[in-house]
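Descriptive structure summary
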Amino acid sequence: MDTQLVRFTQWARHDPQARYNALMGLLSTPDGLMHSFEAQPGNKARGIDGVGKSDYAHDVDARIKALSSKLRALSYRPQPVRRVYIPKRNGRQRPLGIPCFEDRIVQHRLSGILQAIWEPAFRNGSYGFRPQRNAHQALARLGEIITNHGTQWLVEADIKGFFDNVSHEWLMRFLAHRLHDPVLLRIIRRFLKAGVLEAGVFAASETGTPQGGLVSPVLANIYLHYVLDLWFEKRYARTCKGRADLIRYADDFVACFTHEDDARRFMDELAKRLAEFGLEAEPNKTRLLRFGSRAAQACQKEGSMRPPTFNFLGFTHYVGKSRTGRFVLGRKSQRERVAGKLKEVSERLSALRVEGGRAMMDYAKRHLQGHVAYYAVSGNARHVRTYAYRMSRVLFKWLNRRSQRRGVMWERFSKVLSGWMPSLRIQHNLYPKPRWMTQTGSRMV
């Protein structure tokens, strides 16, 4: 356990506005670097130096001491990241940077320090890449805002190429609000400027954070904390006629409003605000829509069949009704995500045929358990069961293509599924409590 960092985290919570001018000792301590070494998984892809955890483990004490000395002497320089591409579900490719193992150790330690300093200052509407926070909490909070706080208009938005377009100069200025240690700031700038090596060609990094790096998530949160979260809460929301709330997960966020004028004005103000810091909203993923308890009635008057839906964190959100006819925020698995996952499962099962039916069954079960752990939320039971059935059909198909002879019949396979299938019960209740149960004076508070 890293006791130094734990004590520093506890101390930083008491003063969310404190400034720090001597943090290199905390970054370069051998005990802390050793803890970061032990925290690294051993199966990660290797950087340009080809060194993995098993290689670094040889004479690790001497390596850690040498790394500590280099950090103290400011002779440590991060190496360029190795650029690879991973396919996206829309057919495009996402660039990913793979840092060297020693750089991962330093980034892990640096990330913990930055997280300790800024975590108390981060706003309640931010959920991505933060300790003790996850996507289900963001979904639950969004449901509470839409259901109980009079939301009638929404702006769903995504920042275009955020991690590639972060301004280094603005980021360093944001970091300087709390960090007055010029040596630590220089180390951070070196990580930002380390560059990329792709197909043997080096490219310098003028903008963006090192994707794949352990320090990138906290740097992204710090950047958006000043660019978006504080601006929305301290400035924009105070100018609205009605209530305004923002829920953000990484660079994907939803803004909720009571009045249409506030929502429309936010679209214009958001574009100007992002442009000031070298960013822009993704036009295909940013839009204004009517959504809330009165959306269905308003759409009927306007001649629309039903209110529009929006996607957030892998779920399609829609206007629904309870059994008593009250408004309910409905959620179902996002169709594009489900189709992409089934395609990935099919490709993986096809490749596993040479390893035997047991390996195929084990992989399919692990995948389905992971799917249920995320998508088994209140109101989504039918879609979870549908996904389990469709995945079992894919498994049945590839089990029968292990040879030219069909060896598994559906009747026999369905009996096997009854004992193999993991539980599909709802694991996350995201329905908010009614307003009368949360108001002051209620016996439920």
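Keep in mind it's a predicted model, so treat the numbers as computed, not measured. (Residues numbered from 1 in each chain as written. Predicted model: local features only at pLDDT ≥ 70, side-chain atom pairs only at ≥ 80, totals over all residues. Heavy atoms only, no water.)

Quick notes on the overall build of the protein
- Along its length, the protein carries 18 helices and 11 strands.
- Each principal axis of the C-alpha atoms in the protein carries an extent, and together these give about 70 × 70 × 45 Å.
- Counting only residues that meet the buried cut, the protein has 48% of its 445 residues in that class.
- The long-range share in the protein, meaning contacts at least 24 apart out of those at least 6 apart in sequence, stands at 69%.
- Approximately 23,400 Å² of the protein is accessible, and the part contributed by carbon and sulfur atoms is 48%.
- For the protein, the distance from the average site of its 75 positive side-chain charges to the average site of its 39 negative ones is 8 Å. (Helix = DSSP H or I, 4+ residues; strand = E, 2+ residues; numbered from the N terminus. Buried < 20%, exposed > 50% of the residue type's maximum accessible area, 1.4 Å probe, protein only. Contact = heavy atoms within 4.5 Å. Areas by Shrake-Rupley, 256 points an atom, 1.4 Å probe, with all protein chains shown as cover. Lys, Arg positive; Asp, Glu negative; His and termini not counted. Charge placed at Lys NZ, Arg CZ, Asp CG, Glu CD.)

Looking at the pattern of salt bridges
- One pass over the structure, following the stated rule, counts 15 salt bridges.
- Note that Arg 287 and Glu 156 form a salt bridge whose closest N and O atoms lie 2.5 Å from each other. Of this pair, Arg 287 sits in strand β8 (residues 287-290) while Glu 156 sits in strand β3 (residues 153-158), and the two are 131 residues apart along the sequence.
- Arg 287 gets classed as partly exposed once you look at its relative accessible area, which sits at 33%. (Salt bridge = Lys/Arg side-chain N within 4 Å of Asp/Glu carboxyl O.)

Some details on the environment of Leu 279
- Its place among the elements puts Leu 279 in the loop between α12 (260-276) and β8.
- The buried category is assigned to Leu 279, whose relative accessible area is 5%.
- As a C-alpha pair, Leu 279 and Ile 159 span 120 residues in sequence and 7.1 Å in three-dimensional space.
- Beyond its immediate chain neighbours, meaning those up to four positions away, Leu 279 contacts Ile 159, Phe 162, Asn 165, Val 166, Tyr 223 and Leu 274.

Considering the sheet that holds strand β9 (residues 310-312)
- Pairing within the open sheet is antiparallel, and its 3 strands lie in the order β9-β10-β11. Edge positions in the sheet fall to β9 and β11 (327-333), since each of these pairs with one other strand and no more. Neighbour-to-neighbour, the strand axes of this sheet turn through a mean angle of 40°, independent of strand direction.
- As paired strands, β9 and strand β10 (residues 315-321) are joined by 3 bridges and run antiparallel to one another. Across the sheet, the residue bridging to Asn 311 is Thr 316, located in β10.
- The strands touched by helix α7 (residues 135-148) are β9, β10 and β11; relative to β11, the strand with the most contacts, the crossing angle is about 150°. (Pairing = 2+ DSSP bridges. Axes fitted to C-alpha atoms, helices over the stretch in contact; angles between N-to-C directions.)

Describing helix α11 (residues 216-236)
- Of all the bends in α11, the greatest measures close to 50° and is centred on His 225.
- In terms of residue burial, α11 counts as a mostly covered element, since 16 of its 21 residues are buried. (Bend = angle between axes of the 7 residues up to and from the residue.)

Comments concerning the packing of aromatic side chains
- The final tally for this structure, using the stated rule, is 31 aromatic pairs.
- Every member of this aromatic cluster is reached through a ring pair, and the members are Phe 162, Phe 163, Trp 170, Phe 174, Tyr 223, Tyr 226 and Phe 277.
- Just above the ring of Tyr 363 sits the side chain of Arg 348; from NZ or CZ to the centre is 5.8 Å.
- The ring centre of Trp 398 lies 5.4 Å from the NZ or CZ of Arg 401, which sits over that ring. (Phe/Tyr/Trp six-rings, centres within 6.5 Å; stacked < 30°, edge-to-face > 60°. Lys NZ or Arg CZ within 6 Å of the ring centre and 35° of its normal.)

Quick word on the sheet that holds β3
- An order of β6-β7-β3-β8 is seen for the 4 strands of this open sheet, with the pairing classed as antiparallel. Of all strands in the sheet, those with a lone pairing partner are β6 (244-249) and β8, marking the two edges. The mean inter-strand angle of the sheet, taken between neighbouring strand axes irrespective of direction, is 20°.
- Sheet topology note: the β3/strand β7 (residues 252-257) ladder contains 6 bridges and is antiparallel. For Val 155, the partnering residue across the bridge sits in β7 and is Ala 255.
- Running over the sheet, α11 touches β6 and β7 and is turned about 170° from β6.

Side note on the packing of helix α15 (residues 357-375) against helix α17 (residues 410-420)
- Orientation of α15 relative to α17, taken along the N-to-C sense of each, is 50°, at an axis distance of 12 Å. Compared by their axis directions, α15 and α17 come out oblique. For the element pair α15 and α17, the recorded crossing hand is right-handed. Within the contact between the two elements, α15 uses Met 361, Ala 364 and Lys 365 and α17 uses Phe 413, Val 416 and Trp 420. (Parallel < 35°, antiparallel > 145°, perpendicular 65-115°, else oblique. Left-handed = near helix turned anticlockwise from the far one by under 90°.)

Observations regarding unusual backbone geometry
- Even without being glycine, Ala 250 reaches a positive phi, approximately 60°.
- With respect to the secondary-structure elements, Ala 250 resides in the loop between β6 and β7.
- With a relative accessible area of 11%, Ala 250 lands in the buried category.
- Look at Leu 313: it is not a glycine, yet its phi comes out positive at around 55°.
- Here Leu 313 lies in the loop between β9 and β10.
- Residue class for Leu 313 comes out buried when judged on its relative accessible area of 11%.

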